[in-house]
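The lines below spell out each chain.
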Amino acid sequence: MYSSDQRLALPSESYLIPYFDSLDDLLEVGPPVYFVARDVEITERPAQQALCGRFTTCQDFSVANSLEAERKRPESSFISQPTASWIDDFLKWLDPEQSRCCRVRRRDPSVFCGSRESPRVCKACFEDRDPPYNITMNGLPEGEEFMMYLRQWLVSPTDESCPLGGAASYGAALSLAPSGDSVVASHFRTSHSPLKSQDDFINSFHAAHRIADEISAETGTDVFPYSLHYVFFDQYAHIVAITQQILGLGLAAVLIVTALMLGSWRTGTIVTSTVALTVLTVMGVMGIWGISLNAISLVNLVISLGIAVEFCAHVARAFMSAGSGLPNDHPAGQKERDERMWTALVDVGPSVLSGITFTKLIGMCVLALTRSKILEVYYFRMWFTLIISGALHGLVLLPVILSFAGGPGFPLQEADEEWMSHAIRTDYEYTPFLADDDSTTSD
């Protein structure tokens, strides 16, 4: 997985860590970002005005004007560089005052000239145009004429005689239809402000999509943003909803299974609630320890949900199996639940503490010695929190709640039979009685 802080994936002694430290301290350039406009009828004047920014009739909230306005507030837009607007540079390339840019033959204006050909043979494209070239866009080309000049501009070299040529600067900025009579898509290039933390990368992603949505709403043009890190951080646009959905489905499954297996919807609901509180505790500690919600931590949260059940299920099963001769609404019902809970803790509490809590805790503590930050942050910290939280919820909170509101236990006869078979299997409590019976029979 890509991480904005790549040092997390490196050993603590790696020579690359000082390199990334220097990048954070000294690099003042952010990654490039492209705002792509697609399905625009670029040969028509309204569509041109929805994109351009340097002419008086351009829309106030055109693509170029909006990006320039956002550049002036980088703290919220994360845009820091002027936008390279291809349509403005192209239309400026047509300006007859740029005498070395767009040029045609004097005798045959349908043939374009090179920038080094003699002025006696060639002239500026719009030198004698009627209406003349002007900043109101009134004399600028439309229709097939626009595409004719655009195709020529895209192959015109960018050199000292004409720095507005489009071959080098915008050769990859436009995608023309196979027939060459329309523009399928084009991008407007700018740069993000320096992005140093994972929050910066995530916020820049959200800011770029906000800007693109606002431009689309204002101009009616389909605009979307793209930068290299968006591919990796697109998950953060949906991570919260995905987390809620997955954990919600997991808790629903826990509720159904525990309620059916324990024979009580009330006890199943209590177990599910305790599991949910365990996972919420892990999520809260994630914020304290600076662990972000991403694909790795989401997987750990799902695993946490399953392991939290292990801390609770044994106690709840023992509580239900302790037997019940009284209904819970009986005056002695509270005392009966307390006794069942005491029996359950004596029966399975030591096993949960030693067999689940301590064994997992010892195994997790080994990860504290790792030299990899990603193992320390996303595994040791999260799993250590899960074990401590699961033990406290399963052995402290759950028994208290069950003693107050637990469901009725299994019928007394069924519970006695289960308890007796368990005691015989342990082979430590009833063996003397069995031996006495044998000796008596033999006598």
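Residues numbered from 1 in each chain as written. Predicted model: local features only at pLDDT ≥ 70, side-chain atom pairs only at ≥ 80, totals over all residues. Heavy atoms only, no water.

Under an unreviewed UniProt entry, the name given to the protein is SSD domain-containing protein, and the source organism is Antrodiella citrinella.

Participant: Hey, could you go over unusual backbone geometry for me, with residue numbers and the actual values?
Facilitator: Note that the residue after aspartate 130, namely proline 131, is joined by a cis bond; omega there is 0°. Positioned with a positive phi, aspartate 39 is a non-glycine residue whose angle comes to about 55°. For aspartate 39, the position within the fold is in the loop between strand 1 (32–38) and helix 2 (45–51). Backbone geometry at methionine 137 places phi at a positive 70°, although glycine is not the residue there. Among the secondary structure elements, methionine 137 is positioned in the loop between strand 3 (122–124) and helix 6 (143–155). (Helix = DSSP H or I, 4+ residues; strand = E, 2+ residues; numbered from the N terminus.)

Participant: Describe the pattern of salt bridges, naming the residues involved and giving the relevant values.
Facilitator: Within the structure shown, the criterion is met by 15 salt bridges. Between arginine 54 and aspartate 89 there is a salt bridge, with its nearest N and O atoms 2.8 Å apart. With a gap of 35 residues between them, arginine 54 in the loop between helix 2 and helix 3 (63–71) and aspartate 89 in helix 5 (residues 86–93) connect regions that are remote in the sequence. You can call arginine 54 partly exposed: its relative accessible area is 48%. Ionic pairing is found between arginine 73 and glutamate 70, a salt bridge with its closest N-O pair at 2.8 Å. Residue classification places arginine 73 among the partly exposed residues on the basis of a relative accessible area of 35%. One connected set of salt bridges, linked through shared partners, spans Glu70, Arg73, Arg210 and Glu214. (Salt bridge = Lys/Arg side-chain N within 4 Å of Asp/Glu carboxyl O. Buried < 20%, exposed > 50% of the residue type's maximum accessible area, 1.4 Å probe, protein only.)

Participant: Provide a residue-level description of the UniProt feature "transmembrane region" (unreviewed entry) in the protein, including the pertinent values.
Facilitator: Per the UniProt record, "transmembrane region" (unreviewed entry) is annotated on residues 246–264, 270–291, 298–320, 351–370 and 382–405. In this annotation, residues 382–405 is assigned 100% helix and 0% strand; the end-to-end C-alpha distance for the span is 31 Å. (UniProt positions renumbered as here; feature names shortened; annotations may be inferred.)

Participant: Lay out the pairing of strand 1 with the relevant residues and their values.
Facilitator: Residues in a regular strand point their side chains to alternate faces of the sheet. Two strands pair when backbone bridges link them, and strand 1 and strand 5 (residues 183–191) are joined in this way by seven bridges, in the antiparallel orientation. Of the residues in strand 5, the one forming a bridge with phenylalanine 35 is phenylalanine 188. Where strand 1 meets strand 6 (residues 222–226), five bridges bridge the pair, whose relative direction is antiparallel. Note on strand 6: the bridge partner recorded for tyrosine 34 is tyrosine 226. (Pairing = 2+ DSSP bridges.)

Participant: Account for the state of the cysteines, naming residues and giving values.
Facilitator: By the definition in use, this model includes four disulfides. Through a disulfide, cysteine 52 is tied to cysteine 58; the S-S separation comes to 1.9 Å. One quick way to see it: the torsion about the S-S bond of cysteine 52 and cysteine 58 is about -120°, and its sign makes the bridge left-handed. Cysteine 52 gets classed as buried once you look at its relative accessible area, which sits at 0%. The residue that forms a disulfide with cysteine 101 is cysteine 162, at a sulfur-sulfur distance of 2.0 Å. When the S-S torsion is 110°, as for the bridge of cysteine 101 with cysteine 162, the disulfide is right-handed. In this pair, cysteine 101 is assigned in the loop between helix 5 and strand 2 (103–105) and cysteine 162 in the loop between helix 6 and helix 7 (166–170), connecting sequence segments 61 residues apart. Take cysteine 101: its relative accessible area is 8%, and that puts it in the buried class. With relative accessibility at 3%, the residue cysteine 162 sits in the buried group. Shown here for the protein is a disulfide pattern of 1-2, 3-8, 4-7, 5-6, where each number marks a bonded cysteine counted in sequence order. (Disulfide = S-S within 2.5 Å.)

Participant: Which residues make up the environment of isoleucine 215, and what values go with them?
Facilitator: Of note, isoleucine 215 is situated in helix 8 (residues 198–219). Since its relative accessible area comes to 2%, isoleucine 215 is described here as buried. The residues contacting isoleucine 215, other than those within four sequence positions of it, are Val63, Ser66, Leu67, Gly220 and Val223. (Contact = heavy atoms within 4.5 Å.)

Participant: I'd love a proper account of empty space enclosed by the protein, names of residues and values included.
Facilitator: One pass over the structure, following the stated rule, counts one cavity of 30 Å³ or more. Every residue lining the largest cavity is listed: Ala37, Arg38, Asp39, Val40, Ile42, Leu51, Val183, Val184, Ala185 and Ser186. Partitioning the lining of the largest cavity into residue classes produces seven nonpolar, one polar and two charged. (1 Å grid on protein atoms, 1.4 Å probe; cavity = no way out; pocket = protein on both sides within 12 Å on 5 of 7 lines; lining within 4 Å. Points joined across faces, edges and corners; volume = space filled by probe spheres on them. Nonpolar A, V, L, I, M, F, W, Y, C, P; charged D, E, K, R; others polar.)

Participant: Hey, could you go over the sheet that holds strand 5 for me, with residue numbers and the actual values?
Facilitator: Strand order in the open sheet made by the four strands is 4-5-1-6, with antiparallel pairing throughout. In the strand order of this sheet, the two ends are held by strand 4 (174–176) and strand 6, each with one partner. Recorded for the sheet is a direction-independent mean angle of 15° between the axes of neighbouring strands. (Axes fitted to C-alpha atoms, helices over the stretch in contact; angles between N-to-C directions.)

Participant: Kindly report on helix 8, identifying the contributing residues and their values.
Facilitator: For helix 8, with 22 residues, the first-to-last C-alpha span of 32 Å sits near the 32 Å given by 1.5 Å per residue. For helix 8, the complete set of buried residues consists of Gln198, Phe201, Ile202, Ser204, Phe205, Ala207, Ala208, Ile211, Ala212, Ile215 and Thr219. Its buried side turned inward, helix 8 meets strand 1, helix 2, helix 3, helix 4 (74–77), strand 6 and helix 9 (230–233). Positive backbone phi, at 75°, marks glycine 220, one or two positions downstream of helix 8. (Expected span 1.5 Å × (residues − 1).)

Participant: Mind laying out helix 10 (residues 239–262), listing which residues take part and the relevant values?
Facilitator: The end-to-end C-alpha distance of helix 10, which contains 24 residues, comes to 34 Å, matching closely the 34 Å that a straight helix rising 1.5 Å per residue would cover. Turning to helix 10, its buried residues number three or more, namely Ile239, Thr243, Leu247, Gly250, Val254, Thr258, Ala259 and Leu262. Contacts from the buried residues of helix 10 go to helix 11 (265–288) and helix 12 (295–321). Of the residues one or two after helix 10, glycine 263 is the one with positive phi, at around 75°.

Participant: Describe the confidence of the model for the protein, listing the residues and the values that go with them.
Facilitator: Averaged over all residues, the pLDDT of the protein is 84; the fraction at 70 or higher stands at 88%. The least confident element of the protein, judged by mean pLDDT, is helix 16 (residues 431–442) at 42; the most confident is strand 1 at 96. Throughout residues 412–416 the model reports pLDDT below 50, and contacts reaching past four residues in sequence, or to other chains, amount to six contacts. (pLDDT = per-residue confidence, 0-100.)

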